[in-house]
Amino acid sequence: MLDTASNSGPQSEGSSRFVRACLRLPVDRTPVWFLRQAGRYMPEYMAVRKHHSLLEICRTPEIAAEVTITAAERLDVDAAIIFADLLLPFTPMGLDFEFLAGEGPVVHQPVRSLEHVQALRTDRADELAYVAKAIERVAAHFQSPRTDGDRLGIIGFCGAPFTLASYMIEGGSSRTYIETKQLMYSKSAAWSLLMEKLVTVLVAYAKQQVEAGADVIQIFDSWAGALSVADYRQYCLTSTTELVQRIRALGVPVIYFGVDTASLLPAMRETGADVLGLDWRIPLDEGWRAVGPGCAVQGNLDPITLFAPEDILRARVREILDLAAGRAGHIFNLGHGIVPGTPVENVLRVVEWVKQFGVARRPQASREALSEWAVRA
Ligand code: CP3
């Protein structure tokens, strides 16, 4: 396992406050970016979306790069997440899907048996190269430092085995995960093989992204919160740990994010991820205590607070920064993605406030806070 504190890591670590925060190194101020920062709330994205489907945007490097860059520059955030989707690896695995308006993703022939899992391919990850090509463009664009001297961080991403398996098995979104859990509980050979195949494809996919210039990889386990701690440990922890470790071995920090995961945090920490993404249901300091001092955290404003009056929104931003207390390793973000209809001006205000309130404390003070907190933890 890599030692994060001494990890020489990505070449950019010295100049990117986002990457430095992932590694728990001192920063001049708290870095900020947003889950789903390029999305339907943004007029610039909707203008592109008028002429192209979601999958067309994802599969055309010029357009995916443009959407990624426009969002990061419009918001003036510290990191750009590549415009792609969690489900893209399904196609080279032999599983067709589409996005239906109002319904989200639909997999027409869901995976329900060992035979289905056996038929999934793991040798065609190269077909995902369009994502790496888009990253190359984004990396070239953001190569030089910005006016404040900081180089913007570039985030590649993929899904976690459980969350991707849930789309494959349910055939789309779900509230109960009945089909997924049924297969997980009763067809153990199929479940293990599915986890193994997903890890193989995801590592190859992440490797392409890192080689193209991604500084950090975020793993989305959006629906892990549907699992009990016991089930997460029994059915998901091993494969997810393997995924995290194999991506870290590529030389980049890993952010591991899930929703409704307060009870899962200690187990998620065992994957060895450098950063854990916190959702908004847990106070940031409590979440950080649950994962322990050897790990950075990202979060955790409720995305719906972006609809609140200015004074409440400002107070919530301040509260999160206060709970982080200037400790090294906090990345400001939402607890889940920005939703359509969010006022862009409120997102811009949050960026301004983080820049204003998130100024670094003296390193000494930060060290004291850390040791005091380590004693409490
Ligand atoms: O800036 C960004 O973050 C955008 C890039 C991005 C997209 N999907 C584009 C997208 C990212 C990081 C994702 C990840 C993703 N995709 C997740 C994990 C993040 C999370 O929210 O937990 C998940 C679960 C998916 C699967 C998915 N894609 C769903 C369930 C949906 C439909 C739900 C919805 O919001 O409508 C999508 C569609 C999708 N992917 C959109 C975008 C911008 C919206 C649809 C559109 O533009 O037509």
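Predicted model only: the values in this text are computed from it and were never measured.

J.: Let's hear about the packing of aromatic side chains: which residues, and what values?
T.: A complete count under the given rule lists 8 aromatic pairs for this structure. Where Phe157 meets Phe220, the ring centres are 5.3 Å apart and the plane angle is 85 degrees; that geometry is what we call edge-to-face. In this pair, Phe157 sits in strand S4 (residues 153-159) while Phe220 sits in strand S5 (residues 216-221), placing the two residues 63 residues apart along the sequence. For the residue pair Phe157 and Phe220, the accessibility class agrees, reading buried in each case. Here the aromatic rings of Phe162 and Tyr177 are separated by 6.3 Å at their centres, their planes lie at 45 degrees, and the arrangement is tilted. Placement of Phe162 in helix H7 (residues 161-170) and of Tyr177 in the loop between H7 and helix H8 (178-186) is noted, with a sequence separation of 15 residues between them. The residues Phe162 and Tyr177 share a single accessibility class, namely buried. Over the ring of Trp280 we find Arg281; its NZ or CZ atom is 4.3 Å from the centre of that ring. The side chain of Arg318 reaches across the aromatic face of Phe357, ending 4.1 Å from its centre.

J.: Help me get a handle on empty space enclosed by the protein, residues and values and all.
T.: Sizing a probe to match a water molecule and rolling it over the atoms shows the empty space that remains. Taken as a whole and judged by the stated rule, the model has 1 cavity of 30 Å³ or more. Together, Ala38, Met42, Glu44, Tyr45, Val48, Glu66, Val67, Thr70 and Ala71 line the largest cavity. At the level of secondary structure, the elements contributing two or more residues to the lining of the largest cavity comprise helix H2 (43-49) and helix H4 (61-75). The leading source of residues in the lining of the largest cavity is H4, at 4 residues. Of the residues assigned to the lining of the largest cavity, the class counts are 6 nonpolar, 1 polar and 2 charged.

J.: Provide a residue-level description of the packing of H8 against helix H9 (residues 188-212), including the pertinent values.
T.: When two helices pack together, their arrangement is given by the angle between the helix axes and the distance between those axes. One way to put it is that H8 packs onto H9 with a least axis distance of 5 Å and a crossing angle of 110 degrees. Overall, the two elements H8 and H9 adopt an arrangement that is roughly perpendicular. Across from Thr180, Leu183, Met184 and Ser186 in H8, the residues of H9 making contact are Ser188, Ala190 and Trp191. Grouping the amino acids of the contact of H8 with H9 by side-chain chemistry returns 4 nonpolar, 3 polar and no charged.

Reading guide: rules and limits
Residues numbered from 1 in each chain as written. Predicted model: local features only at pLDDT ≥ 70, side-chain atom pairs only at ≥ 80, totals over all residues. Heavy atoms only, no water. Phe/Tyr/Trp six-rings, centres within 6.5 Å; stacked < 30°, edge-to-face > 60°. Helix = DSSP H or I, 4+ residues; strand = E, 2+ residues; numbered from the N terminus. Buried < 20%, exposed > 50% of the residue type's maximum accessible area, 1.4 Å probe, protein only. Lys NZ or Arg CZ within 6 Å of the ring centre and 35° of its normal. 1 Å grid on protein atoms, 1.4 Å probe; cavity = no way out; pocket = protein on both sides within 12 Å on 5 of 7 lines; lining within 4 Å. Points joined across faces, edges and corners; volume = space filled by probe spheres on them. Nonpolar A, V, L, I, M, F, W, Y, C, P; charged D, E, K, R; others polar. Axes fitted to C-alpha atoms, helices over the stretch in contact; angles between N-to-C directions. Parallel < 35°, antiparallel > 145°, perpendicular 65-115°, else oblique. Contact = heavy atoms within 4.5 Å.

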